[in-house]
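So the chains spell out like this:
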Amino acid sequence: MSKKEENLNKNWKKDFPIEKQQATNVSRRDFAKFLTLVSGGLMVGSGLVAAKAYWYPKEEVEGEHFVCNKADVPLGGTHAFVIQGSTIPYILIHLETGEFKAYEQKCTHLSCSVFYKPGTGIIHCPCHEGSFDAQTGNVLGGPPPRALPKLEVFFKGEAVYVKAAQQEKVKVI
């Protein structure tokens, strides 16, 4: 061993006086304290998320909003947009049938970004392999618990506009 290596070892032991044997031993009490602390942190974090959702509900789309011109989105293409005054990302899809559809661009499972797979009619979430029907926004497969929130698309000449989708009324028989 060279003089330099010996010097490094001495300094290392001085800076870190814990022996290897002691570093690997963790008492049950210390482990239980650690688990309690982590569990408490997760509980507090979950409570804060729930409180935020309760006191600050999701922004509702109000009024009509210009998105782009029809010519800006080719057949089978998409256009990402955010409505002025909002932070929610949306995606406008020009389906191969010629129709335009607009959905929130966040998966309903864990809010990952979704994208349209041209020619398939599927909106895909790559995080956990979730799939949505591009025609309706309904879940086709994977872990998403509900359909993608959608906007109603309409036109003024060649301009594409969106507004809040009309709620479908459920008939009770």
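Bear in mind the structure is a predicted one, so any value in this text is a computation, not a measurement. (Residues numbered from 1 in each chain as written. Predicted model: local features only at pLDDT ≥ 70, side-chain atom pairs only at ≥ 80, totals over all residues. Heavy atoms only, no water.)

1. Regarding the sheet that holds strand β9 (residues 150-156)
So the rule is basically this: At least two bridges found by DSSP between two strands are what make those strands a pair. Working definition: helices are DSSP H or I runs of at least four residues, strands are E runs of at least two. Numbering for both runs from the N terminus. Between the N-to-C directions of two axes lies an angle of 0 to 180 degrees, each axis being a line fitted to C-alpha atoms and, for a helix, fitted only over the stretch in contact.
Strand order in the open sheet made by the 6 strands is β1-β10-β9-β4-β3-β2, with antiparallel pairing throughout. Every other strand in the sheet has two partners, leaving β1 (65-69) and β2 (78-82) as the edge strands with one partner each. On average, each strand axis in the sheet is tilted by 30° relative to the strand beside it, whichever way the strands run. For β1 and strand β10 (residues 159-164), the ladder comprises 4 bridges, and the chain directions are antiparallel. If you follow His65 over to β10, its bridge partner there is Val162.

2. Some remarks on the sheet that holds strand β8 (residues 139-141)
The strand order across the open sheet built from 4 strands is β5-β6-β7-β8, with neighbouring strands paired in antiparallel fashion. The outermost strands of the open sheet, each flanked by one partner alone, are β5 (115-117) and β8. Going across the sheet, the axis of each strand differs from the next one's by a mean of 40°, ignoring polarity. With 3 bridges connecting them, β5 and strand β6 (residues 122-125) associate as antiparallel partners. The partner of Tyr116 across the bridge, within β6, is Ile123.

3. Details of a nonpolar patch on the surface
Applicable threshold: To count toward a patch, a residue needs a relative accessible area over 30% and no salt bridge; like charges are then connected within 9 Å, while nonpolar side chains (Val, Leu, Ile, Met, Phe, Trp, Tyr) are connected within 5 Å. Per-residue and other accessible areas were derived by the Shrake-Rupley procedure at a 1.4 Å probe size, with only the shown protein chains allowed to occlude residues. The term salt bridge refers to a pairing of a side-chain nitrogen on Lys or Arg with a carboxyl oxygen on Asp or Glu at a separation within 4 Å. Partly exposed residues are those whose accessible area sits between 20% and 50% of the maximum for their type, while under 20% is buried and over 50% is exposed, using a 1.4 Å probe and protein chains only.
A surface patch of nonpolar side chains, about 600 Å² in accessible area, is lined by Val26, Phe31, Phe34, Leu35, Val38 and Leu42. Checked against the element boundaries, Val38 lands in helix α3 (residues 28-55). Since its relative accessible area comes to 36%, Val38 is described here as partly exposed.

4. Some points on the state of the cysteines
Rules: What counts as a disulfide here is a pair of cysteine sulfur atoms lying within 2.5 Å.
On inspection of all chains with the given rule, the structure shows 1 disulfide. For the unlinked cysteine Cys125, the closest cysteine sulfur is that of Cys107, found at 3.7 Å. Classification of Cys125 by relative accessible area gives buried; the value is 2%.

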